[in-house]
Amino acid sequence: MMEMEINGVRGVMLQELPLEIEKVHRPKEESTNLLDHRHPNAMVLDENDRLYIGDSLGYVHVWDVEVRHGQLTINRLHKIKGKEILGDPINSLNLHPPDNKLLVVHSRDNFIRTIDPKQKGEVIQRYFGSKSSKAMVRSVVSPDGSYLLSGSEDGRPHLWWFTSGAPIGTEFFELSVKGLVSDVAWNNEYNMIAVCTFSAEFPILVYVHEKQDIFEEMGTRKKVKRNLLEEEKDDEEVLSREENEEDVDLKPRRR
């Protein structure tokens, strides 16, 4: 075991997790490479110690990685072979919060898909618009699970409603570069997004949505809604008066 200290936090590395693992619960004659010598492109861990690894051939390898009595135990669970994702390198993997039951797979075929890991990679939703066929472009799910944000080879970030897959305009980013938007990040605590690009000077841009703006926007929406309700009420009163006048005109007059 090797002790280490990173940024003042001490810890003990029980075992390295490279591709080559000597003691895995499999027959000795079988390959001890986690991905059978494929290139790992993306990884994500869930709260149940499951490690999802996306490789260069479009497979998602699922492993159980946990520490028992100070020993690291690694077991292969299964391999996801989704028909739509096979054959294309996987750029990034994300779990959908808060329950982490769905897996977001960003493939290098200009598609991002939400799949169900328990249903052999059944595609739940598809997201169109982001260009990703040549470079390592990544995406991220918002902490509340409502949105999906992605980089793109067309030099612009792309945003969708997670459940419906409907795109959301990203003009508010005011970002359009000649290179690609390679990666995006979403802060888990604040309304903050970071975007990095391959363009002149390789800028990393951080966007913050201030609470004051949110309150002002909410106030404006309430005011508009209140005005609409008042207008609707006025229209109903006018209509009611007109109907009463018509009823009076239709009554027979006495001579």
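Residues numbered from 1 in each chain as written. Predicted model: local features only at pLDDT ≥ 70, side-chain atom pairs only at ≥ 80, totals over all residues. Heavy atoms only, no water.

Peer 1: Can you explain the side chain of Ser182? Please cite residues and give values.
Peer 2: Within the element layout of this structure, Ser182 appears in strand 15 (residues 180-186). Assessed through its relative accessible area of 7%, Ser182 is described here as buried. When sequence neighbours within four positions are dropped, the list of residues in contact with Ser182 reads Met136, Val137, Arg138, Cys196, Thr197 and Phe198. (Helix = DSSP H or I, 4+ residues; strand = E, 2+ residues; numbered from the N terminus. Buried < 20%, exposed > 50% of the residue type's maximum accessible area, 1.4 Å probe, protein only. Contact = heavy atoms within 4.5 Å.)

Peer 1: Before we move on, can you summarise the sheet that holds strand 11 (residues 139-141) with the specific residues and values?
Peer 2: With antiparallel pairing, the 4 strands of this open sheet are ordered in space as 11-12-13-14. The outermost strands of the open sheet, each flanked by one partner alone, are strand 11 and strand 14 (167-168). (Pairing = 2+ DSSP bridges.)

Peer 1: Just give me the short version of the pattern of salt bridges, but keep the residues and values in it.
Peer 2: Overall, the coordinates contain 5 salt bridges when judged by the stated rule. The partner of Glu66 in a salt bridge is Arg68, with the nearest N and O atoms 2.5 Å apart. On the basis of relative accessibility, which here comes to 18%, the residue Glu66 falls in the buried class. Notably, a salt bridge pairs Arg113 with Glu84, separated by 2.7 Å at the nearest N-O pair. With Arg113 in strand 9 (residues 111-116) and Glu84 in the loop between strand 6 (71-80) and strand 7 (90-95), the pair connects residues that are 29 residues apart, well separated along the chain. Exposure remark for Arg113: the relative accessible area of 4% places this residue in the buried category. Connected through salt bridges with shared partners, the residues Glu84, Asp109, Arg113 and Arg126 form a single ionic network. (Salt bridge = Lys/Arg side-chain N within 4 Å of Asp/Glu carboxyl O.)

Peer 1: Give a detailed account of unusual backbone geometry, specifying residues and quantitative values.
Peer 2: Look at the link from Pro97 to Pro98: it is a cis peptide, with omega at 5°. Counting through the fold element by element, Pro98 comes out in the loop between strand 7 and strand 8 (103-107). Phi is positive for Asp49, close to 65°, though the residue is something other than glycine. Of the residues examined, Asp49 reaches a relative accessible area of 33% and is grouped as partly exposed. In the Ramachandran plot, Asn100 falls in the positive-phi region, its phi being about 60° despite a non-glycine side chain.

Peer 1: Help me get a handle on the sheet that holds strand 3 (residues 40-45), residues and values and all.
Peer 2: Pairing within the open sheet is antiparallel, and its 4 strands lie in the order 3-4-5-6. Whereas interior strands pair on both sides, the edge strands pair on one side only; in this sheet they are strand 3 and strand 6. Taking each pair of neighbouring strands and ignoring which way they run, the sheet shows an average axis angle of 25°. By the bridge criterion, 9 bridges tie strand 5 (residues 60-68) to strand 6 in an arrangement that is antiparallel. Counted as the bridge partner of Val67 is Leu72 from strand 6. (Axes fitted to C-alpha atoms, helices over the stretch in contact; angles between N-to-C directions.)

Peer 1: Hey, could you go over a nonpolar patch on the surface for me, with residue numbers and the actual values?
Peer 2: A grouping of Ile204, Val206 and Val208 is seen on the molecular surface, where their side chains present a nonpolar patch of about 300 Å² in accessible area. Structurally, the position occupied by Ile204 is in strand 17 (residues 204-208). Classification of Ile204 as exposed rests on a relative accessible area of 62%. (Patch = residues over 30% accessible without salt bridge, like charges linked within 9 Å, V, L, I, M, F, W, Y side chains within 5 Å. Areas by Shrake-Rupley, 256 points an atom, 1.4 Å probe, with all protein chains shown as cover.)

Peer 1: So what's going on with the confidence of the model for the chain? Residues and values would help.
Peer 2: For residues with low pLDDT, the predicted coordinates do not support detailed interpretation. Overall, the predicted model of the chain reaches an average pLDDT of 79, with 68% of residues at or above 70. Note that residues 17-32 has pLDDT below 50 and, in this model, 31 contacts with residues that lie over four places away or in other chains. (pLDDT = per-residue confidence, 0-100.)

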